[in-house]
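Fold and geometry: a report
Listed below, chain by chain, are the residues.
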Amino acid sequence: SAVISQKPSRDICQRGTSLTIQCQVDSQVTMMFWYRQQPGQSLTLIATANQGSEATYESGFVIDKFPISRPNLTFSTLTVSNMSPEDSSIYLCSVEWVSNYGYTFGSGTRLTVV
Amino acid sequence: GDSVTQMEGPVTLSEEAFLTINCTYTATGYPSLFWYVQYPGEGLQLLLKATKADDKGSNKGFEATYRKETTSFHLEKGSVQVSDSAVYFCALSDRQSGAGSYQLTFGKGTKLSVIP
């Protein structure tokens, strides 16, 4: 299975600013996913990112707020823009691996907006 | 659409007690089923999985059997330890069945606390 390096692991940000989260995978993967986990809640899919195409966003999430880049098969970024305290959450990236079917997650980015 | 229903927590058990966390699902195809575990302050780790009916996933003393007739995938462990304290998520994916849903659909999670 793939190994994901996600950073930063945590950050405290001022409202109105933006934070970019990076995920680096140790092998080439087709599908990458970005999730949000609000405090004490389950995971909600933000978007699916394929290399070379626009990310596909889930209902309630928009590109202007959560722009995503996927420049190659091993890397993706998620930006949380114009942050407010309601954006305080854990953000996780995930990849699908096909050979031994399943999904691996990054260790998460714990974001606090003040 | 796909959905996963997990038993509500939190669950508190004494060390060496038997654990069951119930999970049922609704899916359009024949999904693959997963249990993930999230230890305090960490990301999600795959605990076990099953990709077809009657498959049993197992890992670290945990087991779950894919029951198509009852659309269930209950997590069990015969003797829990303090180190098992974590949040457990049941999840499904319709990816392999060709139903077109590529991502995981998660239950709400069950927080387990094991006391000495």
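Summary of the structure given here. (Residues numbered from 1 in each chain as written. Chains lettered and ligands numbered in written order. Predicted model: local features only at pLDDT ≥ 70, side-chain atom pairs only at ≥ 80, totals over all residues. Heavy atoms only, no water.)

Section: the overall build of chain B
Inclusion rule: Each helix corresponds to a stretch of at least 4 residues labelled H or I by DSSP, and each strand to a stretch of at least 2 residues labelled E; elements are numbered beginning at the N terminus. Burial status follows relative accessibility: with a 1.4 Å probe on protein chains alone, a residue under 20% of its type maximum counts as buried, one over 50% as exposed, and anything between as partly exposed. Accessible surface is estimated by sampling points in the Shrake-Rupley manner with a 1.4 Å probe; for residues, cover comes only from the protein chains shown.
Counting its regular elements, chain B contains zero helices and 12 strands. Element order for chain B, N to C, with α for helix and β for strand: β-β-β-β-β-β-β-β-β-β-β-β. Overall, chain B is about 45 × 30 × 20 Å in size when its C-alpha atoms are taken along their principal axes. Within chain B, the proportion of its 116 residues that are buried is 44%. For chain B, the computed accessible surface area is about 5,400 Å², with 47% contributed by carbon and sulfur atoms.

Regarding the environment of Lys111(B)
Structurally, Lys111(B) is set in strand 12 (residues 110-115). Each C-alpha atom of the pair Lys111(B) and Thr12(B) lies 8.4 Å from the other, and the pair is 99 residues apart in sequence.

Topic: the interface of chain A and chain B
Where interface size is given, it is often the accessible area lost as the parts come together that is meant. Note the cut-off: The contact criterion used throughout is that any non-hydrogen atoms of two residues lie within 4.5 Å. By convention, the term buried area covers the 1.4 Å-probe accessible surface removed from two parts as they join, with the contributions of both added. By salt bridge we mean one thing: a side-chain nitrogen of Lys or Arg within 4 Å of a carboxyl oxygen of Asp or Glu. Polar contacts here mean pairs of N or O atoms no more than 3.5 Å apart (in protein, one a potential hydrogen donor and the other a potential acceptor; neighbouring residues in sequence count only if both atoms are side-chain atoms).
Taken together, the contact between chain A and chain B spans 20 residues of the former and 21 residues of the latter. Both sides of the chain A and chain B interface together cover about 1,600 Å² of buried area, and 55% of this is carbon and sulfur. Looking at the side of chain A facing chain B, the largest losses of area belong to Tyr101(A), Tyr103(A) and Phe105(A), adding up to 37% of the total buried there. The tally of links between chain A and chain B comes to zero salt bridges. At the boundary of chain A and chain B, one finds eight residue pairs in polar contact (both at pLDDT 80 or more).

With respect to the side chain of Thr79(A)
Residue and element names in this part refer to chain A. Here Thr 79 lies in strand 8 (residues 75-80). Among the polar contacts made by the side chain of Thr 79, one reaches the side chain of Thr 20 at a distance of 2.9 Å. Other than its neighbours up to four places away in sequence, Thr 79 contacts Ser 18, Leu 19, Thr 20, Lys 65, Phe 66 and Pro 67.

Describing the environment of Gln41(A)
Topologically, Gln41(A) is positioned in the loop between strand 4 (31-37) and strand 5 (43-50). In this structure Gln41(A) comes out as partly exposed when scored by relative accessible area, which is 45%. Beyond its immediate sequence surroundings of up to four residues, Gln41(A) is in contact with Phe89(B) and Lys108(B).

Observations regarding the pairing of strand 4 (residues 23-26) of chain B
Within a regular strand, the side chains alternate between the two sheet faces. Residue and element names in this part refer to chain B. We count it as follows: The criterion for strand pairing is that DSSP finds at least two bridges linking the strands in question.
Of the two faces of strand 4, the one holding Cys 23 and Tyr 25 is buried and the one holding Thr 24 and Thr 26 is not buried anywhere. Alignment of strand 1 (residues 3-6) against strand 4, held across four bridges, turns out to be antiparallel. Across the sheet, Thr 5 pairs through a bridge with Thr 24, a residue of strand 4.

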